[in-house]
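So you can see what is in the structure, the chains are spelled out below.
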Amino acid sequence: MPRLALYTLVVCVLAVAAAVVSFVQGSLLGIVWVLLAGLSSNMTWYYVRRAKLERAAREAAASR
């Protein structure tokens, strides 16, 4: 897993935890944490997919 994908995954998990804590405490600030979790989740999938495509391109170039 690429390093940036790992970092964004950690941010996503922490944002989800912060959202849960915020909502349990009755704060609507949890909405911001949910949005941050969604953004970091999308970034994680982007970096994982990009690394996968780059690896496939390298393997295709090596097999020619």
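Just so it is clear, the structure is predicted and the values come from calculations on it, not from any experiment. (Residues numbered from 1 in each chain as written. Predicted model: local features only at pLDDT ≥ 70, side-chain atom pairs only at ≥ 80, totals over all residues. Heavy atoms only, no water.)

**Focus on the packing of aromatic side chains**
The criterion, for reference: Pairing of aromatic rings covers Phe, Tyr and Trp, the last counted by its six-membered ring, and requires centre-to-centre distances within 6.5 Å; plane angles under 30 degrees mean stacked, over 60 mean edge-to-face, and any other angle means tilted. Only protein chains enter the accessibility calculation, which uses a 1.4 Å probe. A residue is then buried if its area is under 20% of the maximum for its type, exposed if over 50%, and partly exposed in between.
In the structure shown here, the tally under the stated rule is 1 aromatic pair. Between Tyr46 and Tyr47 the ring centres are 5.3 Å apart and the planes differ by 65°, which places this aromatic pair in the edge-to-face class. Residue class for Tyr46 comes out partly exposed when judged on its relative accessible area of 48%. The exposure class of Tyr47 is buried, given its relative accessible area of 19%.

**Quick word on the packing of helix α1 (residues 3-24) against helix α2 (residues 30-62)**
As a reminder, the rule being used: For every element, the axis is a line fit to its C-alpha atoms; helices are fit only across the contacting stretch, and the angle between N-to-C directions ranges from 0 to 180 degrees. Helix numbering and strand numbering both begin at the N terminus, where a helix is a DSSP run of H or I of at least 4 residues and a strand a DSSP run of E of at least 2. Working definition: roughly parallel below 35 degrees, roughly antiparallel above 145 degrees, roughly perpendicular at 65 to 115 degrees, and oblique for all remaining angles. Left-handed describes a crossing whose near helix is turned anticlockwise from the far helix through less than a right angle; right-handed describes the clockwise counterpart. Here a residue-residue contact requires only that any non-hydrogen atoms of the pair lie within 4.5 Å. Gly is put with the polar residues, along with every residue not named as nonpolar or charged; the nonpolar set is Ala, Val, Leu, Ile, Met, Phe, Trp, Tyr, Cys and Pro, and the charged set is Asp, Glu, Lys and Arg.
Put simply, α1 and α2 touch, their axes get as near as 8 Å, and they point 160° apart. Regarding the angle of α1 to α2, the classification is roughly antiparallel. The two elements α1 and α2 cross, and the hand of that crossing is left-handed. Counted together, Leu4, Ala5, Thr8, Leu9, Val11, Cys12, Ala15, Val16, Ala18, Ala19, Ser22 and Phe23 of α1 and Gly30, Ile31, Trp33, Val34, Leu36, Ala37, Ser40, Ser41, Met43, Thr44, Tyr47 and Val48 of α2 form the full contact between these two elements. Of the residues assigned to the contact of α1 with α2, the class counts are 18 nonpolar, 6 polar and no charged.

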